[in-house]
Amino acid sequence: MTKNKKKVFVLSSIIIGIFIGLISSMGIADVLHATGSGYTCTMCHTMDAMNAAYNEDTHGGRNKLGIKAECSACHLDHTSAYTYVLTKIKVSINDGYKTFFTNTDKIDWRKKREHASHFVYDSGCMTCHSNLKNVIQSGKAFLPHRDYFVLGNKNNKTCVECHKNVGHKNLGLQIDKFEKIKLEKQSRKE
């Protein structure tokens, strides 16, 4: 190969590589977005109560603008692209395994609610509520949020430890409702 042919080959390889990389990353981003939606996350009956409670909540679209937060907005770590993808993989494997290889009817959803901070990430909250720190400096919400923003969250409290019912309004009632339906179905089978 002549010097000019080598240069053309290297340059065209770089351009083709960049093009393939861009197309691949856009495709991966689309897949991550599509699989983080309520449609994908609520395909299993185990999420019926959570989905019903979510649809009653401000974050589920019950607000003046009708804006909805996707499941991934709260339930994935938004600290960086790396942590987002890593959390997505971990959650997907865990949920898939439990859905296909365990008895999901035996999950104690009330007990899981006690550990909401394991399933909701402050980085997700702050992605949408990034202006909160500036807004609360002079308002009535200053004192409750002072420790979190001003003192650097020294007590290590997460958003959902104070905002316990955020994202899923009346979740306890919805869990009761769907457990009652499940028990009725079981008694009809017997």
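Residues numbered from 1 in each chain as written. Predicted model: local features only at pLDDT ≥ 70, side-chain atom pairs only at ≥ 80, totals over all residues. Heavy atoms only, no water.

The protein chain has the name Cytochrome c-type protein in an unreviewed UniProt entry, where Campylobacter pinnipediorum subsp. pinnipediorum is given as its organism. According to the UniProt record, the Sequence similarities (unreviewed entry) comment for the protein chain is "Belongs to the NapC/NirT/NrfH family." (UniProt positions renumbered as here; feature names shortened; annotations may be inferred.)

(A) Local environment of the environment of Gly167. Its place among the elements puts Gly167 in the loop between helix 10 (159-162) and helix 11 (171-189). Remark: the alpha-carbon pair of Gly167 and Ala53, spanning 114 residues in sequence, is separated by 7.8 Å. Every residue in contact with Gly167, bar those within four places of it in the chain, is listed here: Ala53, Tyr54, Asp57 and His59. (Helix = DSSP H or I, 4+ residues; strand = E, 2+ residues; numbered from the N terminus. Contact = heavy atoms within 4.5 Å.)

(B) Broad picture of unusual backbone geometry. A positive phi angle, close to 55 degrees, is found at Asn170, a residue other than glycine. Inspection of the secondary structure puts Asn170 in the loop between helix 10 and helix 11. Classification of Asn170 as partly exposed rests on a relative accessible area of 36%. (Buried < 20%, exposed > 50% of the residue type's maximum accessible area, 1.4 Å probe, protein only.)

(C) A look at the packing of helix 3 (residues 48-56) against helix 11. Running from N to C, helix 3 and helix 11 cross one another at 140 degrees; their axes reach a closest spacing of 8 Å. With respect to helix 11, the axis of helix 3 lies oblique. Of the two elements, helix 3 crosses helix 11, and the hand of that crossing is right-handed. Facing Asp48, Ala49, Met50, Ala52, Ala53 and Glu56 of helix 3, the residues of helix 11 in contact are Leu171, Gln174, Ile175 and Phe178. (Axes fitted to C-alpha atoms, helices over the stretch in contact; angles between N-to-C directions. Parallel < 35°, antiparallel > 145°, perpendicular 65-115°, else oblique. Left-handed = near helix turned anticlockwise from the far one by under 90°.)

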